[in-house]
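The residues making up each chain are set out below.
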Amino acid sequence: MSRSDFSSSRRAFLRNVGAGTSALGVLAPGALLLPSVSQAACEPPGTPGSARPWRADCRPIRPRRPASTLTAAEVQKLKVAYAAMRALSVSDPDDPRGFTHQANIHCWFCSVSTSPVHGNWQFFAWHRAYLYFHERILGKLINDSEFRLPYWDWEISTHRKMPSAYTSPDNSTNPLWNGTRAMSPADELPDEDVNEDVMEPVYSAANFGEFGGGVSYSGIPEGSPHGSVHVDVGGWAGDMGAFDTAGRDPIFYAHHANVDKLWSDWNKGASSHENPSDATFLNLNWSFYDENKVWRSIKASQLLNHETQLRYNYGLSRFREILPCILDWIIVRPPWRFDRAVVVEPKFRDQIMKALDERRPVRMHINHPQIPLDKSAVYRVYADPKEAEADAGPKSPAFLGVIPVVLNSREKHHPPKAPQVVLNVSHRIANLLRSPEGMRLAFVERPSKKEKVERKVQLLSARDVYFSYGETMRE
Ligand code: C2O
């Protein structure tokens, strides 16, 4: 079926579903029934070639704030904005500002487009642009140029539950609700997915390649924590659990506002935390419909300063709270062959031990880990297969961290890539290094409450495993 056949049958379907729902701006529970046919309706978001350039934004600069700090009135506003966006999908299925279209933008760019926005350096810039246009549309629908998206600051230990606006009420009368989540309102994200051990290698990533990736590889945070939170919220089967459907859960946008804040925080963290100056990167460009339905193209270079260019900022960076000083990373990369067991020769071991004695952070890099890429999951990595079998998580002395996998689409148009894995192993590595047999890396899928997992411990191989330790820069 051609694209236009498809669109018209979809439109007809949407009209039937939407019959009898109320108008824009009113909470419209009927509008929340997103038809499942949209699963396949992942069409190009516009007409390529016809985009007009994005114009300088003259709105006032306003903060994006943690979702947990919104006042009742602000929560109501957020709900009204999403209700309006959902209602638009029903009243005018062709309006590109409607919620279904908004969700499908993500679907298109991640699972159909020939230039996917995951697994490479487009990740942070593209998602910033996507959220920016989404935010402006929401603001327009409620007639408020000061509206900014909230963010879910899951790295804060008291904010591990989904923000209550998104779960209360926990049913379809709430436009921020989604019925496919694997997490219930009382559940918390597993600490091991978002705690300081995870955040430290992110905030202190040495360069943009480590932080944001390159032409054909992802940065550290795209895997962990970003991917883990997708899997935690969506599980295998829920919308957040695969990229083609993730945009259908409003919490996606709060999750990604926090991911965007990470980028902002990383940039602020050190003078060396610079974005690529490469013309190939700066000229990356994508097109989106704006709040007036005008198809606009925006370049990476127009997104790099979110405050002056996109008119929003974030509160203080937590970078300094976690890391007292700027770090440079010294790589310890012995000429070993990684063959299931990582045996660190005495000379290199002593080097790492000395760094630990000096209380320097130590990281373990796992390059191209061989993990299953056929489903969305979070894998726990241990330095000992017996410990992986017992699977006690962070309580195990051999626990090293997690590796998430998020499918691009459940139909697997594009298989996902293994993430760049850098684990903070400062607290555990001393004992593990002393073991004469070396470390035998193993992994096991973490079970979730909702979905039964057949536990199978597998040995982990990778192209390369090495260490690095932090040094205070003498600037
Ligand atoms: Cu485009 Cu969190 O995914």
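Residues numbered from 1 in each chain as written. Predicted model: local features only at pLDDT ≥ 70, side-chain atom pairs only at ≥ 80, totals over all residues. Heavy atoms only, no water.

Enquirer: A description of the overall build of the chain should follow, citing residues and the corresponding values.
Expert: Looking only at helices and strands, the chain features 16 helices and 15 strands. For the chain, with 475 residues in total, the buried portion stands at 59%. For the chain, restricting intrachain contacts to residue pairs at least 6 apart in sequence, the fraction spanning at least 24 positions comes to 76%. Taken as a whole, the chain presents about 19,400 Å² of accessible surface, with 51% of it coming from carbon and sulfur. (Helix = DSSP H or I, 4+ residues; strand = E, 2+ residues; numbered from the N terminus. Buried < 20%, exposed > 50% of the residue type's maximum accessible area, 1.4 Å probe, protein only. Contact = heavy atoms within 4.5 Å. Areas by Shrake-Rupley, 256 points an atom, 1.4 Å probe, with all protein chains shown as cover.)

Enquirer: Explain the packing of aromatic side chains to me, and be specific about the residues and the numbers.
Expert: For the coordinates displayed, the defined rule picks out 25 aromatic pairs. For the pair Phe208 and Trp266, a centre-to-centre distance of 6.2 Å together with 65° between the ring planes defines the contact as edge-to-face. In this pair, Phe208 sits in helix 7 (residues 208-212) while Trp266 sits in helix 10 (residues 251-269), placing the two residues 58 residues apart along the sequence. On the basis of relative accessibility, which here comes to 0%, the residue Trp266 falls in the buried class. Aromatic rings pair up to connect Trp54, Tyr82, Phe99, Phe109, Trp126, Tyr130, Tyr132, Phe133, Phe252, Tyr253 and Phe288 into one cluster. The ring of Tyr466 has Arg333 lying over it, and the distance from NZ or CZ to the ring centre is 4.0 Å. The cationic tip of Arg363 hangs over the ring face of Trp329; the distance from NZ or CZ to the ring centre is 3.7 Å. (Phe/Tyr/Trp six-rings, centres within 6.5 Å; stacked < 30°, edge-to-face > 60°. Lys NZ or Arg CZ within 6 Å of the ring centre and 35° of its normal.)

Enquirer: Tell me about the pattern of salt bridges, residues and numbers included.
Expert: In this structure the tally under the stated criterion is 28 salt bridges. Here Glu291 ties to Arg136 by a salt bridge, and the two come within 3.1 Å at their closest N and O atoms. With a gap of 155 residues between them, Glu291 in the loop between strand 3 (285-289) and strand 4 (295-299) and Arg136 in helix 4 (residues 122-141) connect regions that are remote in the sequence. Within this structure, Glu192, Asp193, Asp232, Arg380, Glu389, Asp391, Arg446 and Arg455 form a network of salt bridges that share partners. (Salt bridge = Lys/Arg side-chain N within 4 Å of Asp/Glu carboxyl O.)

Enquirer: Summarise the side chain of Asp95; cite the residues concerned and give the values.
Expert: Positionally, Asp95 belongs in the loop between helix 2 (72-91) and helix 3 (99-112). Here Arg97 takes part through its backbone nitrogen, which lies 2.8 Å from a polar atom of the side chain of Asp95. Other than its neighbours up to four places away in sequence, Asp95 contacts Leu88, His101 and Lys293. (Polar contact = N/O pair within 3.5 Å; in protein donor to acceptor, adjacent residues only side chain to side chain.)

Enquirer: Lay out the environment of Pro201 in plain terms, naming residues and giving numbers.
Expert: Of note, Pro201 is situated in helix 6 (residues 196-203). The exposure class assigned to Pro201 is buried, which follows from its relative accessible area of 1%. A sequence separation of 163 residues divides Pro201 from Met364, and the C-alpha atoms of the two residues are 9.9 Å apart. If sequence neighbours within four positions are ignored, Pro201 has contacts with Glu196, Ile220, Arg363, Val422, Leu423 and Asn424.

Enquirer: Quick one: what's the story with the sheet that holds strand 10 (residues 399-405), residue by residue and with numbers?
Expert: Pairing is antiparallel in the open sheet, where four strands are placed in the order 10-9-13-14. At either end of the open sheet lies a strand with only one pairing partner, and these are strand 10 and strand 14 (458-459). Sheet topology note: the strand 9 (residues 377-382)/strand 10 ladder contains six bridges and is antiparallel. Across the sheet, Tyr379 pairs through a bridge with Ile403, a residue of strand 10. With respect to the sheet, helix 8 (residues 220-234) is in contact with strand 9 and strand 10, its orientation differing from that of strand 10 by roughly 65°. (Pairing = 2+ DSSP bridges. Axes fitted to C-alpha atoms, helices over the stretch in contact; angles between N-to-C directions.)

Enquirer: How would you summarise the packing of helix 2 against helix 4 if you had to cite specific residues and measurements?
Expert: Look at helix 2 against helix 4: their axes get within 8 Å of each other, and the N-to-C directions meet at 95°. Our classification of the angle between helix 2 and helix 4 gives roughly perpendicular. Facing helix 2, whose interface residues are Ala81, Tyr82, Ala84, Met85 and Leu88, helix 4 presents His134, Ile137, Leu138 and Leu141. Of the residues that constitute the contact of helix 2 with helix 4, the class distribution is eight nonpolar, one polar and no charged. (Parallel < 35°, antiparallel > 145°, perpendicular 65-115°, else oblique. Nonpolar A, V, L, I, M, F, W, Y, C, P; charged D, E, K, R; others polar.)

Enquirer: An account of the sheet that holds strand 8 (residues 362-367) is requested, with residue identities and associated values reported.
Expert: The four strands are arranged 6-15-8-11 in an open sheet whose pairing can be described as antiparallel. With partners counted over all chains shown, the strands left at the sheet margins are strand 6 (327-332) and strand 11 (421-424), one partner each. Strand after strand, the sheet turns through a mean of 30° between neighbouring axes, direction not considered. Bridging between strand 8 and strand 11 involves four bridges; their strand directions are antiparallel. Looking across to strand 11, one finds that Arg363 is bridged to Asn424.

Enquirer: So what about the state of the cysteines? Which residues, and what values?
Expert: Enumeration over the complete set of coordinates arrives at zero disulfides. Cys107 provides the cysteine sulfur closest to Cys110, a residue in no disulfide bond, and the two sulfurs are 5.6 Å apart. (Disulfide = S-S within 2.5 Å.)

Enquirer: Please provide a residue-by-residue account of helix 4, values included.
Expert: In this model, helix 4 (20 residues) spans 28 Å end to end at C-alpha, consistent with the 28 Å of a helix rising 1.5 Å per residue. Helix 4 sits mainly inside the fold: 19 of its 20 residues count as buried. Positive backbone phi, approximately 60°, marks Asn143, located one or two places after helix 4. (Expected span 1.5 Å × (residues − 1).)

Enquirer: Tell me what's going on with the environment of Leu400, and back it up with residues and numbers.
Expert: As for its placement among the helices and strands, Leu400 is situated in strand 10. The class of Leu400 is buried, set by a relative accessible area of 4%. Once you skip the residues sitting within four places of it in the chain, Leu400 turns out to touch Met364, Val381, Tyr382, Ala383, Leu423, Val425, Leu432 and Leu441.

Enquirer: So, unusual backbone geometry: which residues are in play, and what are the values?
Expert: Cis rather than trans, the peptide bond between Ser168 and Pro169 has omega equal to 0°. By the secondary structure assignment, Pro169 is in the loop between helix 4 and helix 5 (191-194). Note the cis peptide between Ser224 and Pro225, where omega equals 15°. Its location among the elements puts Pro225 in helix 8. If you check the backbone angles, Lys293 has positive phi at about 65° while not being a glycine. With respect to the helices, strands and loops of the structure, Lys293 is situated in the loop between strand 3 and strand 4. A relative accessible area of 39% places Lys293 in the partly exposed class. Residue Arg359 is not a glycine yet carries a positive backbone phi of 60°. Considering the arrangement of structural elements, one finds Arg359 in the loop between helix 14 (346-357) and strand 8.

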